[in-house]
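Spelled out from the first residue to the last, the chains are:
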Amino acid sequence: MGVVQDKVALVTGGTSGIGLAAARRLADEGAYVFITGRSRARLDEAVAQIGSGAEGVVSDVSDFADIDTVVEAIRSHGRGLDVVFTNAGGGEFAALPDITVEHFTSTFTTNVGGTLFTVQKVLPLLNRGASIVLAGSTAASNGTPSFSVYAATKAAIRSFGRTWAAELAGSGIRVNTVVPGPIETPGLVGLAPGNEQELLDEMAADVPLGRVGRPEEIAAAVLFLASDQSSFMTGAELAVDGGQIQL
Ligand SMILES: NC(=O)c1ccc[n+]([C@@H]2O[C@H](COP(=O)([O-])OP(=O)(O)OC[C@H]3O[C@@H](n4cnc5c(N)ncnc54)[C@H](OP(=O)(O)O)[C@@H]3O)[C@@H](O)[C@H]2O)c1
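Heads up: these notes are all about the structure in this document. Just so you know, these numbers come straight off a predicted model, no measurement behind them.

## As for the packing of aromatic side chains
- The tally for this structure, following the rule as stated, stands at six aromatic pairs.
- Here F93 and F147 contribute two aromatic rings whose centre-to-centre distance is 4.7 Å and whose plane-to-plane angle is 50°, an arrangement assigned as tilted. Separated by 54 residues along the polypeptide, F93 in the loop between β4 (81-86) and α4 (101-122) and F147 in the loop between β5 (126-135) and α5 (148-168) bring together distant segments of the chain.
- Taking 4.9 Å as the distance between ring centres and 35° as the angle between the ring planes, the aromatic pair formed by F104 and F108 counts as tilted.

Encoded structure:
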């Protein structure tokens with residue numbers, strides 16, 4: 001028996017990096033996992049890697065009406081929803097003078113709007129005891145130069161986590177935020193095309209444990225927050241950051 005045996009889970013952005021690792025771990029531990037992304041081909045590849053117990057649904061979180069597609073797929077499955085990991089998102093570097101309306105709008109629409117409307121739209125499907133895990137970031141607490149818009153989206157997520165935990169506590173639904181430090185994913189190395197290793201070395205130097213993290217290390221924390229192992233936790237931020245914002 002896995003720790004999320006027979007639960008139904010949704011991982012937004014499950015084709016790559018942290019989302020793919022979390023989906024794989026949830027499936028390994030017995031859950032039926034819906035993953036989303038914007039490309040059918042990437043979803044099919046991810047589902048093949050996860051193995052049986054996963055289903056890919058093309059759904060773009062930045063197009064709020066499109067979130068209905070995955071909601072409908074979960075409804076048709078007919079077993080409600082026990083775990084939600086709102087992972088889809090990302091950011092780009094832009095120094096203050098270079099921030100454009102497009103950069104601001106697309107980052108906030110995906111990271112903040114995508115999280116908000118995913119959680120809102122799946123609420124009617126949630127089974128009692130459901131667990132919602134939001135994707136935060138140490139960037140919400142640090143001052144990382146040229147990352148202000150992304151960091152502000154993650155500060156919004158931090159706030160959502162607390163407010164929604166309070167709002168949903170009476171329904172037996174828990175809401176927690178996993179807070180990754182720098183994790184080696186396509187999303188992270190994609191921030192510095194051509195200078196990937198330099199970026200990773202720079203980020204590792206800022207982590208007390210002296211390295212960047214692996215997606216599987218975030219997946220382990222997501223599994224814990226998703227499962228009944230964390231049954232007395234809600235409104236919490238769980239830092240998985242090699243000590244970056246703790247020390
Ligand atoms: N890596 C880090 O160091 C780090 C640190 C702190 C927090 N985080 C957070 O962790 C989450 C995952 O990051 P990652 O590093 O694993 O990134 P990644 O490797 O770029 O993966 C991002 C995932 O999100 C999906 N996605 C992006 N935009 C989407 C949209 N509009 N609709 C649906 N899916 C979308 C992508 O799928 P498709 O491209 O196939 O659509 C992909 O599956 C993000 O919220 C990120 O902010 C990452």
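Anyway, onward from the coordinates.
## Some thoughts on the sheet that holds β5
- The sheet built from seven strands is open, its strands ordered β3-β2-β1-β4-β5-β6-β7 with parallel pairing. At either end of the open sheet lies a strand with only one pairing partner, and these are β3 (54-58) and β7 (237-240). Here the average twist between neighbouring strands, direction ignored, is 20°.
- The sheet contact formed by β5 and strand β6 (residues 174-180) spans five bridges and is parallel. Among the inter-strand pairings, I132 is bridged to a residue of β6, identified as V175.
- Along the sheet, α5 makes contact with β5, β6 and β7, crossing β5 at roughly 160°.

## Here we look at the nonpolar core
- In this structure, V11, L26, V33, I35, I50, F85 and V178 are the most contacted members of the largest nonpolar core, which totals 30 residues.
- Counting 26 residues, the second largest nonpolar core, distinct from the first, contains L10, A165, L168 and I173.

What counts and what doesn't
Residues numbered from 1 in each chain as written. Predicted model: local features only at pLDDT ≥ 70, side-chain atom pairs only at ≥ 80, totals over all residues. Heavy atoms only, no water. Phe/Tyr/Trp six-rings, centres within 6.5 Å; stacked < 30°, edge-to-face > 60°. Helix = DSSP H or I, 4+ residues; strand = E, 2+ residues; numbered from the N terminus. Pairing = 2+ DSSP bridges. Axes fitted to C-alpha atoms, helices over the stretch in contact; angles between N-to-C directions. Contact = heavy atoms within 4.5 Å. Core = buried A, V, L, I, M, F, W, Y, C linked by side-chain atoms within 4.5 Å. Buried < 20%, exposed > 50% of the residue type's maximum accessible area, 1.4 Å probe, protein only.

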